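Results of the structural survey
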Amino acid sequence: MPGSGIGVPMQAIEAHQLADLVGQFVSLLRDSESVVQVGQDGQLLDRLTPAVYPQDPEASAEFAAATRDDLLDRRAAEARIVRDDLESVLDGDVAVSGQLTIPVAHVDPWLRTLAALRLVIATRLGIEDEPTPDPDDPRLGVYEWLGYRLELLVEAADAEDDAAPSAG
Amino acid sequence: MSAPLVAPEVEEQVDLQAAPAVPWELVVWDDPVNLMSYVVRVFRSYFGYPKDRATRLMLAVHNDGHAIVATGPRETMEVHAQAMHDYGLWATVRRAGE
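Notes on the structure follow. Note that this is a predicted model, so its numbers are computed, not measured. (Residues numbered from 1 in each chain as written. Chains lettered and ligands numbered in written order. Predicted model: local features only at pLDDT ≥ 70, side-chain atom pairs only at ≥ 80, totals over all residues. Heavy atoms only, no water.)

Before going further, it helps to examine the overall build of chain B. A tally of regular secondary structure across chain B gives four helices and three strands. Taken from N to C terminus, the helices and strands of chain B fall in the order α-β-α-α-β-α-β. Per-residue burial over chain B gives 41% buried out of 98 residues. Look at the contacts in chain B between residues 6 or more apart in sequence, and 70% of them connect residues 24 or more apart. As presented, chain B carries roughly 5700 Å² of accessible surface, and 57% of it is formed by carbon and sulfur atoms. (Helix = DSSP H or I, 4+ residues; strand = E, 2+ residues; numbered from the N terminus. Buried < 20%, exposed > 50% of the residue type's maximum accessible area, 1.4 Å probe, protein only. Contact = heavy atoms within 4.5 Å. Areas by Shrake-Rupley, 256 points an atom, 1.4 Å probe, with all protein chains shown as cover.)

Before going further, it helps to examine the interface of chain B and chain A. Buried accessible area, meaning the area lost when the parts come together, often serves as the stated size of an interface. With 23 residues of chain B in contact, the opposing surface of chain A contributes 31 residues. Both faces considered, chain B and chain A share a buried interface measuring about 2500 Å² in area, 54% of it formed by carbon and sulfur atoms. Among the residues chain B hides against chain A, the three largest losses belong to Val33, Arg41 and Asp86 of chain B. Together they make up 29% of the total. The tally of links between chain B and chain A comes to five salt bridges. Taking the shortest distance from any N to any O, the salt bridge between Arg44 of chain B and Asp162 of chain A comes out at 3.2 Å. In this assembly, chain B and chain A are joined by 13 residue pairs in polar contact (both at pLDDT 80 or more). Split by residue class, the side of chain B that touches chain A holds 11 nonpolar, six polar and six charged. (Buried area = accessible area lost by both parts, 1.4 Å probe. Salt bridge = Lys/Arg side-chain N within 4 Å of Asp/Glu carboxyl O. Polar contact = N/O pair within 3.5 Å; in protein donor to acceptor, adjacent residues only side chain to side chain. Nonpolar A, V, L, I, M, F, W, Y, C, P; charged D, E, K, R; others polar.)

What follows is about the sheet that holds strand 2 (residues 66-72) of chain B. Residue and element names in this part refer to chain B. Strand order in the open sheet formed by three strands is 2-1-3, with antiparallel pairing between adjacent strands. Each having just a single partner strand, strand 2 and strand 3 (90-95) make up the two edges of the open sheet. Pairs of neighbouring strands in the sheet enclose a mean axial angle of 25°, with direction left out of account. Here strand 1 (residues 24-29) runs beside strand 3; their pairing, made up of six bridges, is antiparallel. By the bridge assignment for strand 3, Trp24 is matched with Arg95. (Pairing = 2+ DSSP bridges. Axes fitted to C-alpha atoms, helices over the stretch in contact; angles between N-to-C directions.)

Rendered as structure tokens:
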């Protein structure tokens, strides 16, 4: 039925890998609620909540105090949506169809979660500082694969919007 | 010479009304991670910009390092900045002309 969801190709092994990554992301966000993040974990979350007033640390800190927890809560809620979609698919017959249908209401959570996963991995790889990471780092393959998944989803979502511009 | 007693109040009101409505800017900065197609989609879907404008803004971010994506009251720009952060874009807010 048109408008019920958008389909993207997804093999079972890919769905497993993505579900694992999203699960790690949910854990990272959950841990951020109970402990003060230090070291690299703190840096990972910093990239997800950048300073809004770089010239004014005090105003940035005020803004972060008022908004950061809510932002990370939204991140976690959306990551759980993605994880649940993947798990429901993994319980089903994705291996047969090779196709994952994402409900329209879940498309933005999917886009934002894939983009956030790339930011987290990029931070771990040091891509933000150094544009040419170690080509032998296995995480680089995951990062590029996530980019491919995100590109596919953007294309599918754009095509859905262009086909039904009045559907909202 | 003494001023009328009401003068300070009146002056205060006039001052408030005459205060320039300095607009604020939402700036999106280039980063090596976010995909070009994704950034265009964010500008289209969140701001409702036509595809051409969204693409021009994305290219400005990419080529110039940043672009002013929206202007308006400070509070509105802060709401936009939160939304951009939700999408993983690197967005900041500044007073126009800074």
